[in-house]
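Structural overview
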Amino acid sequence: MVLAHLAKHDFPTRSPLYAAIARELLDDDEVLALATGVAWHELPPMLLLAAVRHLLIAAPTEPLAAFHADLTENPRPPEEAYPLFREFALRHGDEITALVRSRAIQTNEVLRCACYMPAVALVPGALGTAEIGLVDVGSSAGLGMLLDHYAYDYGAAGSAGPAGAPVRLRCEVRGEVPPPLAAAPPRIAHRVGLDRAPVDVRDPDATRWLRASVWPGQGSRVELLLGALEAARADPPRIVAGDAVRDLPALLDEVPPELGVCVTTSVVLTYLGSERAAFAAALEEAGRRRPMAWVAYDTTHGIDRIEDAPPWVRALMDSGKVDCALVRLSLLTAAGREDRWLARSGYHGEWIEWMDAPD
Ligand SMILES: C[S@@+](CC[C@H](N)C(=O)[O-])C[C@H]1O[C@@H](n2cnc3c(N)ncnc32)[C@H](O)[C@@H]1O
């Protein structure tokens, strides 16, 4: 059962509040019944927890809000939360059931930009163009499409992006080789996103759900999300509602011919399932007609062609302790596809370890 797995493996280190709630929720059929009718792959317990958080964010004076670190200054101990969680959930049963039946878990992690921005910065050089046209697939609210708007702080390894940017992304650099940091961000002259469920940054209810999907107690994740949403509202990126495979070719064709096409996917392949091969094939087909680059940041479950990856990736897989995402730059041309496995990083962009040999 998903909830039992999360309670044992994921929540204890990442969200002590959800760990404490999940331990009791597991045996509480009356509360679990609020998510009855939701397919297992839609993660009913996660939807239930997000639905409660969604309501709490709008009602921060509720006693249960005092356990959520982003809703109070001094969060109460997680072990005391369950009776209040139960009472709140049952009191709002109809609203919660309506939410879990109509929504999907939806996130947008702006810090991931810190891990794939150095890869995007390699694209103009690789394609021989001064500027790029960005096509971001699985954009969510589009925060990852604005990677040239953010200031990046890589500690001793350096900084990048416009220094006065309102959104500042701090990423720990691990390992021997720092990521290559260009003086200026990549020049993006055209940008468009594609998502089956785009989030409008100007829609308060949709962005509240995005916030509610972040587990409580995850440090600065919520703060970063809110700051990036605020910045994006000034000039929201264009995101087309559609399917990653079916609707991709039309968006690639839109990119003006003088620009290098750069497709980005950030934790999307993991969700494509059986469509993943068709997605890669569509890109490879498009690359045969016009050279393009694909920057993929994804989990080891999602990223394709892992069997052809270099030894450091295979050693990671063989270790049985995969706790990172991978960053890859693929060049797609008439000659075929060439993959460059660049880095590994934290799932939410917290750290990066550059693995590509220096040029
Ligand atoms: C985990 S989120 C990642 C969002 C963002 N790229 C990030 O890294 O924060 C995955 C996104 O992919 C979208 N998605 C999943 N399957 C899709 C498909 N077949 N076509 C288009 N979008 C899809 C979801 O709606 C969701 O917004």
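Residues numbered from 1 in each chain as written. Predicted model: local features only at pLDDT ≥ 70, side-chain atom pairs only at ≥ 80, totals over all residues. Heavy atoms only, no water.

Turning next to the pattern of salt bridges. All chains considered together, the criterion is met by 28 salt bridges. Across the pair Arg238 and Glu254 runs a salt bridge, and its minimum N-O distance is 2.9 Å. Taken together, the positions of Arg238 in the loop between helix H10 (221-233) and strand E7 (239-241) and Glu254 in helix H11 (residues 248-254) put the pair 16 residues apart, joining distant regions of the chain. Its salt-bridge partner being Arg289, residue Glu285 comes within 3.8 Å of it at the nearest N-O pair. Here the residue Glu285 and the residue Arg289 both occupy positions in helix H13 (residues 276-289), the gap between them amounting to four residues, near one helical turn. (Salt bridge = Lys/Arg side-chain N within 4 Å of Asp/Glu carboxyl O. Helix = DSSP H or I, 4+ residues; strand = E, 2+ residues; numbered from the N terminus.)

This next bit is on the site of the ligand. Of all residues adjacent to the ligand, which total 18 residues, the nearest are Glu109, Arg112, Gly138, Asp195 and Ser266. For the ligand, a nitrogen atom lies 3.1 Å from a polar atom in the backbone of Arg196. A distance of 3.2 Å separates a nitrogen atom of the ligand from a polar side-chain atom of Asp243. (Near = heavy atom within 4 Å. Polar contact = N/O pair within 3.5 Å; in protein donor to acceptor, adjacent residues only side chain to side chain.)

Below, the discussion takes up the sheet that holds strand E11 (residues 336-345). Read across the open sheet, the nine strands follow the order E5-E12-E11-E10-E9-E8-E1-E6-E7; overall the sheet is mixed. The open sheet has two edge strands with one neighbour each: strand E5 (172-174) and E7. On average, adjacent strands in this sheet sit at an angle of 25° to one another, irrespective of strand direction. Two strands pair when backbone bridges link them, and strand E6 (residues 188-195) and E7 are joined in this way by three bridges, in the parallel orientation. (Pairing = 2+ DSSP bridges. Axes fitted to C-alpha atoms, helices over the stretch in contact; angles between N-to-C directions.)

Split by domain assignment, the protein resolves into domain 1 (2-102) and domain 2 (110-354). Each of domain 1 and domain 2 was reduced to a C-alpha centroid, and the two centroids are 30 Å apart. Taken together, the contact between domain 1 and domain 2 spans 20 residues of the former and 13 residues of the latter. Taken together, the two surfaces of domain 1 and domain 2 that pack against each other cover about 1500 Å², and 64% of this comes from carbon and sulfur. One can count one salt bridge joining domain 1 with domain 2. Here Asp70 and Arg211 are joined by a salt bridge, their closest N and O atoms 3.1 Å apart. Connecting domain 1 to domain 2 are nine residue pairs in polar contact (both at pLDDT 80 or more). (Domains from an automatic or database assignment. Contact = heavy atoms within 4.5 Å. Buried area = accessible area lost by both parts, 1.4 Å probe.)

The next point concerns the packing of aromatic side chains. If you walk through the whole model with that rule in mind, you get six aromatic pairs. Where Tyr82 meets Phe85, the ring centres are 5.7 Å apart and the plane angle is 35°; that geometry is what we call tilted. One end of the pair, Tyr82, and the other, Phe85, are both in helix H5 (residues 82-91), three residues apart, so they sit about a helical turn from each other. Of the residues examined, Tyr82 reaches a relative accessible area of 5% and is grouped as buried. Overall, Phe85 belongs to the buried group, its relative accessible area being 2%. Chaining the aromatic ring pairs together yields one cluster made of Phe11, Tyr18 and Trp215. Of note, Arg328 hangs over the ring of Trp294, and the distance from its end group to the ring centre comes to 5.0 Å. (Phe/Tyr/Trp six-rings, centres within 6.5 Å; stacked < 30°, edge-to-face > 60°. Buried < 20%, exposed > 50% of the residue type's maximum accessible area, 1.4 Å probe, protein only. Lys NZ or Arg CZ within 6 Å of the ring centre and 35° of its normal.)

Helix H6 (residues 93-102) packs onto helix H4 (residues 44-57) with a crossing angle of 120° between their chain directions and a minimal axis gap of 9 Å. In this view, H4 runs oblique relative to H6, as classed from their interaxial angle. In this structure, H4 crosses over H6, and the sense of that crossing is right-handed. Residue-level inspection shows Leu47, Leu48, Ala51, Val52, His54 and Leu55 of H4 in contact with H6, the latter providing Glu95, Ile96, Leu99 and Val100. Across the contact of H4 with H6, the residue classes break down as eight nonpolar, one polar and one charged. (Parallel < 35°, antiparallel > 145°, perpendicular 65-115°, else oblique. Left-handed = near helix turned anticlockwise from the far one by under 90°. Nonpolar A, V, L, I, M, F, W, Y, C, P; charged D, E, K, R; others polar.)

So, on to the side chain of Ser266. Along the chain, Ser266 turns up in strand E8 (residues 260-266). Ser266 sits in the buried class, given a relative accessible area of 14%. Ser266 has contacts with Arg112, Tyr116, Val137, Tyr297 and Asp298, leaving out every residue within four places of it along the chain.

Moving on, we come to unusual backbone geometry. Of note in this structure, Ser140 is not a glycine but carries a positive phi near 60°. Turning to its location among the elements, Ser140 is positioned in the loop between strand E1 (132-137) and strand E2 (151-153). Classification of Ser140 as buried rests on a relative accessible area of 3%. Of note in this structure, Arg305 is not a glycine but carries a positive phi near 60°. Take Arg305: it is sitting in the loop between strand E9 (292-299) and helix H14 (311-319).

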